[in-house]
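Summary of the model geometry
Listed here are the chains, written in short residue letters.
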Amino acid sequence: FTVTVWSIPIVWLVPCPQKLGRVNRALSIFTISSWLTLVIVLLLSSAALCTLSKYGKEVSEFKDFGQCILSAFVVLLGISVAQMPETFRTRCFFGLYVWYCLAVSMVFQTFFVTYLVEPGFEERIRTVEELWKSKIPFGSTEVTSFFAKQTKIMGYNVTEFPSKECTDSCVEDVLFKRRISTLAGTLLAEYTAKKKGVQKVASVVCYLDEGHIYRNLVMAVAKGNALLPILNEYLRRSVEAGFQQLYWSHLNHKVLLEGKDLYSEPGMYFVFTVDVLAPVFHLHFCGCVLSVLC
């Protein structure tokens, strides 16, 4: 074997995180625990207002528990109440509740505006354990199966993962179809992305943070071949002069120019349309129906 021509890191390519669905993001602005907390605060505040009103000369609206719930709910929606409390203690507690509702409303609006501007991304797969839990199949070919049989990463045997035969290119299936994961060299993944015209390679090329395998690329000749010393001499000179890096740079530039129209990256901004705001109007319509029924 000759001296090392190139040291190639073999990494585990995984699908990159995608943008979250807008409907799911809108429904998850507040979690279930947050909604339960709001309901509990609403009930406890109504009970506190009703209790404080019964032990003083307070207006009749706050002496009834149902009216207190209605007033507390109105304040939570940011609407004025029909009548303000009169006693000092009731007004102090009512003022604290108003400030609480104002803070919750501002937080809700901030999250909602964030949802409109940017829906966010899924969690990135970083460890072998997370990949195992995701149930993403391992794209197998003759080459990847060869590496998989002799590889054990962080206590996991690659052959234990559910496998799927790649019909075309495993790397392209991982980068653009996002249906499988596979073992591949970083150079091959970057080359495939740039061949498709991807400007930001990091947006489509993602791999695990652990379990990297380093393999050396060499040339082989018959034993006793007189060309071996000559090959080694010229290979050392080319490596020291940086010819490989120069060729790799020119190759990337060439394939990027040829593939600039093949892949359209998502833009930083998008136009608001009726489809974007449709979930909001659906929620508003449901709220109006429930309000009418109440």
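Structure shown above.
To keep things clear, this report deals only with the structure shown in the data block. Given the structure is predicted, the values throughout are model-derived calculations rather than measurements.

Concerning the pattern of salt bridges
Two side chains with opposite charge may pair up if their charged atoms get near one another. Across all of its chains, the model carries five salt bridges by this definition. Asp209 is paired through a salt bridge with Arg124; the nearest N and O atoms lie 3.2 Å apart. Taken as a pair, Asp209 in the loop between β7 (206–207) and β8 (213–217) and Arg124 in the loop between α4 (88–117) and α5 (128–134) lie far apart in primary sequence, 85 residues in all. Judged by relative accessible area, which is 26%, Arg124 ranks as partly exposed. For Arg179, the salt bridge goes to Asp173, with nearest N and O atoms at 4.0 Å.

Observations regarding the layout of surface pockets
In this structure, the largest pocket spans a volume of roughly 1,400 Å³. Lining the largest pocket are 29 residues, with Trp35, Phe73, Leu77, Phe108 and Gly287 sitting closest to its centre. Looking at the lining of the largest pocket, the elements that each hand over two or more residues are α1 (22–27), α2 (32–54), α3 (65–76), α4 and α11 (274–293). Here the lining of the largest pocket gets eight residues from one element, more than from any other, and that element is α11.

Brief notes about the environment of Leu49
Inspection of the secondary structure puts Leu49 in helix α2. A sequence separation of 15 residues divides Leu49 from Asp64, and the C-alpha atoms of the two residues are 9.4 Å apart. Not counting residues up to four positions away in its chain, the partners in contact with Leu49 are Phe62, Cys68, Thr90, Phe93 and Phe94.

Let's talk about the packing of helix α8 (residues 186–195) against helix α10 (residues 243–258)
Interhelical geometry of α8 versus α10 gives an angle of 30° and a closest axis separation of 8 Å. Taken as axis vectors, α8 and α10 run roughly parallel relative to one another. Residues Leu187, Glu190, Tyr191, Lys194 and Lys195 of α8 touch α10, and the partners they reach there are Trp248, Leu251, Asn252, Val255 and Leu256.

Notes on the state of the cysteines
Applying the stated rule across the entire model yields one disulfide. For Cys16, the disulfide goes to Cys206, at an S-S distance of 2.1 Å. Between Cys16 and Cys206, the S-S torsion sits near 110°, and that sign places the bridge as right-handed. Taken together, the residues Cys16 in the loop between β1 (6–14) and α1 and Cys206 in strand β7 connect sequence positions 190 residues apart. An identical accessibility class is assigned to Cys16 and Cys206; each is buried. Not part of a disulfide, Cys286 finds its nearest cysteine sulfur in Cys288, a span of 9.3 Å. The class of Cys286 is partly exposed, set by a relative accessible area of 43%.

A few points about the packing of helix α7 (residues 170–177) against α8
The geometry of α7 relative to α8 is characterised by a closest axis approach of 10 Å and an angle of 60° between their N-to-C directions. Between α7 and α8, the interaxial angle falls into the category oblique. Crossing handedness for the pair α7 and α8: right-handed. Here Val171, Glu172, Leu175 and Phe176 of α7 lie close against α8, whose contacting residues are Leu188, Ala189, Thr192 and Ala193. Considering only residue class, the contact of α7 with α8 consists of six nonpolar, one polar and one charged.

Notes on α2
When the terminal C-alpha atoms of α2 are compared, their 33 Å separation across 23 residues agrees well with the 33 Å that a helix rising 1.5 Å per residue should span. Burial in α2 covers these residues: Leu38, Leu42, Ser45, Ser46, Leu49, Cys50 and Ser53.

Focus: α3
If you check α3, its first and last C-alpha atoms are 16 Å apart, about what 12 residues at 1.5 Å a residue would give, namely 16 Å. Residues of α3 that are buried include every one of Cys68, Ser71, Ala72, Val74 and Val75, and no others. Along the long axis of α3, the arc covered by the buried residues comes to 160°, so they all point the same way. Put simply, Asp64 is the residue that caps the front of α3, since its side-chain oxygen is 3.3 Å from the backbone nitrogen of Gly66.

Structural notes on the side chain of Thr90
One can find Thr90 in helix α4. The class for Thr90 is buried, based on a relative accessible area of 0%.

Rules behind the numbers
- Residues numbered from 1 in each chain as written.
- Predicted model: local features only at pLDDT ≥ 70, side-chain atom pairs only at ≥ 80, totals over all residues.
- Heavy atoms only, no water.
- Salt bridge = Lys/Arg side-chain N within 4 Å of Asp/Glu carboxyl O.
- Helix = DSSP H or I, 4+ residues; strand = E, 2+ residues; numbered from the N terminus.
- Buried < 20%, exposed > 50% of the residue type's maximum accessible area, 1.4 Å probe, protein only.
- 1 Å grid on protein atoms, 1.4 Å probe; cavity = no way out; pocket = protein on both sides within 12 Å on 5 of 7 lines; lining within 4 Å.
- Points joined across faces, edges and corners; volume = space filled by probe spheres on them.
- Contact = heavy atoms within 4.5 Å.
- Axes fitted to C-alpha atoms, helices over the stretch in contact; angles between N-to-C directions.
- Parallel < 35°, antiparallel > 145°, perpendicular 65-115°, else oblique.
- Disulfide = S-S within 2.5 Å.
- Left-handed = near helix turned anticlockwise from the far one by under 90°.
- Nonpolar A, V, L, I, M, F, W, Y, C, P; charged D, E, K, R; others polar.
- Expected span 1.5 Å × (residues − 1).
- Arc of directions from axis to C-beta.
- Polar contact = N/O pair within 3.5 Å; in protein donor to acceptor, adjacent residues only side chain to side chain.

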